[in-house]
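Commentary on secondary and tertiary structure
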Amino acid sequence: MSPDQEKRLESAGLASGSGRDKQRKRFAAVCFRVLLLQLALTSVLALALMFKDFVTAYSAFIGGLLYLLPTGWFSLRVLIKNKARSPREILANIYMSETGKVLLAVALFSLVFMLIEPLNAAALFVTYILLQVTGWYLQLKLNHRFLKL
């Protein structure tokens, strides 16, 4: 394998050895920081909405948790508990983790709408969408590798 091919594999996170582990740890740290910032944003938003209405505040907080729990589970499975070595195994793990994330989100949304009454659906969905957008933005901002594309 040529040095150029090894460099491409390493930049994609598919190289063998400590280079891949270092890159995975660095990416896991970025994802962890993004999740912490989103949790802080959710908490501040819920505290600010306490002055408006308590139902709106806890609905916004629940909307944040509905985003953070499946995303955190996905990050944990892909970045920490991933023992895959080949590109095929890595891709299969990502697909399975994403499927589990979507199923977990659907189950949590179902439980929230069945069990929590009263609920401000607008605050819940706005917070969920806000965290989705901030997640994209923070990952682009914190991981400068994507800015070079």
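Reading guide: rules and limits
Residues numbered from 1 in each chain as written. Predicted model: local features only at pLDDT ≥ 70, side-chain atom pairs only at ≥ 80, totals over all residues. Heavy atoms only, no water. Axes fitted to C-alpha atoms, helices over the stretch in contact; angles between N-to-C directions. Helix = DSSP H or I, 4+ residues; strand = E, 2+ residues; numbered from the N terminus. Parallel < 35°, antiparallel > 145°, perpendicular 65-115°, else oblique. Left-handed = near helix turned anticlockwise from the far one by under 90°. Contact = heavy atoms within 4.5 Å. Nonpolar A, V, L, I, M, F, W, Y, C, P; charged D, E, K, R; others polar. Buried < 20%, exposed > 50% of the residue type's maximum accessible area, 1.4 Å probe, protein only. Core = buried A, V, L, I, M, F, W, Y, C linked by side-chain atoms within 4.5 Å. Phe/Tyr/Trp six-rings, centres within 6.5 Å; stacked < 30°, edge-to-face > 60°.

**Some points on the packing of helix α3 (residues 54-80) against helix α4 (residues 87-115)**
- For the pair α3 and α4, the least separation of the axes is 9 Å and the interaxial angle reads 160°. Compared by their axis directions, α3 and α4 come out roughly antiparallel. α4 is crossed by α3, and the crossing has right-handed handedness. On α4, the residues touching I62, L66, L69, P70, T71, W73, F74, R77 and V78 of α3 are N93, I94, M96, S97, E98, G100, K101, L104, A105, L108, F109 and V112.
- The class makeup of the residues in the contact of α3 with α4 is 14 nonpolar, four polar and three charged.

**Section: the environment of G72**
- By secondary structure assignment, the location of G72 is in helix α3.
- Judged by its relative accessible area of 23%, G72 is partly exposed.
- Taking the C-alpha atoms as reference points, G72 and F32, separated by 40 residues in sequence, lie 8.3 Å from one another.

**Description of the nonpolar core**
- Within the largest apolar cluster, six residues are counted, these being I62, L66, L108, F109, V112 and L124.
- With near-sequence residues (within four places) excluded, L66 lies in contact with L108, F109, V112, L124 and Y128.

**Here we look at the packing of aromatic side chains**
- According to the stated counting rule, one finds six aromatic pairs in the structure shown.
- Residues F109 and F125 carry aromatic rings whose centres are separated by 5.8 Å and whose planes lie at 10° to one another, so their mutual orientation is stacked. Separated by 16 residues along the polypeptide, F109 in helix α4 and F125 in helix α5 (residues 121-142) bring together distant segments of the chain.
- Using a relative accessible area of 16% as the deciding quantity, one classes F109 as buried.

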